Amino acid sequence: MSSTMKAIRIEKPGDVSVIKYLDIPKPQIEKNKILVKNKFVGLNFLETYFRTGLFKASMPLVLGHEGAGIVEEVGSDVTGFEVGSRVVYLSSHNAYAEYILVDPVNAAIVPEQMALDTASASLLQGLTAVTFVKRAYNVKKGDIVLVHAAAGGTGQLLVQLCKHYGATVIGTTSNEEKAKLATDAGADHIIYYTREDVPTRVKEITNGQMVNAVFDGVGKSTFQASFDSLRRCGTLVSFGNASGVIPKVESSVLSEKEIALVSPGVFNYVRTREEFTEACSTLFDLVESGSLKVNICKEFDLKDAADAHRFIEAGKTTGKILLRV
Ligand SMILES: NC(=O)c1ccc[n+]([C@@H]2O[C@H](COP(=O)([O-])OP(=O)(O)OC[C@H]3O[C@@H](n4cnc5c(N)ncnc54)[C@H](OP(=O)(O)O)[C@@H]3O)[C@@H](O)[C@H]2O)c1
């Protein structure tokens with residue numbers, strides 16, 4: 001068996017030109033890990049932050065935070081996984097590769113009836129949506145929430161779950177095609193945030209009430225509008241930087257309207273085996289029951305990861321991007 005594998009690695013932060021497809025040593029099994037042969041790797045905006053250097057990591061770096069595949073070897077101290085098990089996992093890095101050594105704390109067996117690509121496409125963004133709508137802000141029946149980039153990968157899942165828990169959802173998108181996707185996901189109202197003033201439209205739509213919560217993964221370009229769209233005691237869930245990093249916020253600004261500013265990271269919500277298993281179970285139940293539809297927007301071959309980064313950074317996503325391994 002070969003001792004090397006194909007992987008996508010960067011030697012230094014930069015534009016997409018730093019992304020290299022090359023042969024590197026195949027990881028060796030460790031007693032408390034499982035070795036997974038990847039079939040699909042999920043692509044996330046997060047990897048672009050590490051690629052550009054916005055988020056720091058030691059170099060060289062094999063990018064990638066999640067995938068789905070087949071267990072090839074099981075460490076001697078690991079229980080609950082067998083050679084041949086179909087699994088999904090989260091990882092701090094290293095997923096853009098043929099093989100990955102996975103901590104079983106953040107791995108789960110894929111339900112028998114679920115296709116591996118669906119499971120892969122649902123994982124990181126799905127866990128994000130599942131945990132954020134309960135733990136970052138507890139979405140309740142009767143709430144009015146604003147979800148930015150409502151046709152994006154995470155956005156479509158957030159819209160569906162906010163509807164599932166009984167909220168009225170206002171989604172923002174940049175164009176009509178995306179507006180249709182957000183509406184299909186359940187958004188009750190659409191705001192074209194690139195050409196309409198968001199707080200003004202929110203005021204009209206809510207008859208002046210404004211929203212209980214905003215889920216904002218767009219960041220810099222939407223931050224002020226998110227803030228101004230909230231009612232008194234509202235919650236701003238600021239969870240991403242797709243358009244750039246949000247400005248520094250003085251606490252006095254928050255206290256003017258008693259705004260709660262939450263900046264959650266999905267990895268923090270699923271840090272223990274119990275948290276991960278429970279969140280996966282909720283996610284898979286929602287997907288299997290049809291309450292949560294996962295939309296695979298585009299697949300690229302692993303070797304074309306640079307094209308996938310170009311695609312996501314151009315804002316072209318209308319669902320999940322997968323790398324085929
Ligand atoms: N904190 C966490 O744990 C966590 C977990 C998952 C995701 N996230 C964050 O959630 C956000 C969405 O991630 P995702 O993977 O779901 O991405 P995605 O599907 O690619 O969604 C990104 C969307 O953002 C919109 N956008 C607005 N300004 C943009 C810009 N300057 N460049 C690119 N896109 C822009 C685009 O929609 P329009 O064309 O409609 O504007 C685009 O489709 C990211 O900020 C990501 O970091 C955070």
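Residues numbered from 1 in each chain as written. Predicted model: local features only at pLDDT ≥ 70, side-chain atom pairs only at ≥ 80, totals over all residues. Heavy atoms only, no water.

Undergrad: Looking at this model, I keep getting lost on the packing of helix α1 (residues 45-52) against helix α10 (residues 305-313). Mind explaining?
TA: At their nearest, the axes of α1 and α10 sit 10 Å apart, and the two run at 105 degrees to each other. Taken together, the axes of α1 and α10 lie roughly perpendicular to each other. Of the residues in α10, those in contact with F45, E47, T48, R51 and T52 of α1 are H309, I312 and E313. Tallied by class, residues from the contact of α1 with α10 come to two nonpolar, three polar and three charged. (Axes fitted to C-alpha atoms, helices over the stretch in contact; angles between N-to-C directions. Helix = DSSP H or I, 4+ residues; strand = E, 2+ residues; numbered from the N terminus. Parallel < 35°, antiparallel > 145°, perpendicular 65-115°, else oblique. Contact = heavy atoms within 4.5 Å. Nonpolar A, V, L, I, M, F, W, Y, C, P; charged D, E, K, R; others polar.)

Undergrad: Just to check I follow, could you spell out the pattern of salt bridges for this structure?
TA: Any two side chains of opposite charge can pair, on the condition that their charged atoms come close. Following the criterion strictly, the structure yields 17 salt bridges and no others. A salt bridge links D188 to K163, with the shortest nitrogen-to-oxygen separation between them at 2.9 Å. Of this pair, D188 sits in the loop between α4 (176-185) and β11 (189-192) while K163 sits in helix α3 (residues 153-164); the two residues are 25 residues apart in sequence, bridging distant segments of the chain. K163 sits in the partly exposed class, given a relative accessible area of 31%. Between K180 and D184 there is a salt bridge; the shortest N-O distance is 2.9 Å. In this pair, K180 and D184 are both assigned in helix α4, four residues apart and thus about one turn of the helix distant. Take D184: its relative accessible area is 55%, and that puts it in the exposed class. Overlapping salt bridges, with partners in common, bring together E196, R201 and E204 in one network. (Salt bridge = Lys/Arg side-chain N within 4 Å of Asp/Glu carboxyl O. Buried < 20%, exposed > 50% of the residue type's maximum accessible area, 1.4 Å probe, protein only.)

Undergrad: For this particular structure, what's the right way to read helix α2 (residues 116-136)?
TA: Helical periodicity: at 3.6 residues per turn, an α-helix aligns residues three or four positions apart in one direction. Between its first and last C-alpha atoms α2 spans 28 Å; for 21 residues at 1.5 Å apiece the expected length is 30 Å, and the two agree. Of all the bends in α2, the largest measures some 50 degrees and sits at L123. Most of α2 is tucked away: 17 of the 21 residues are buried. (Expected span 1.5 Å × (residues − 1). Bend = angle between axes of the 7 residues up to and from the residue.)

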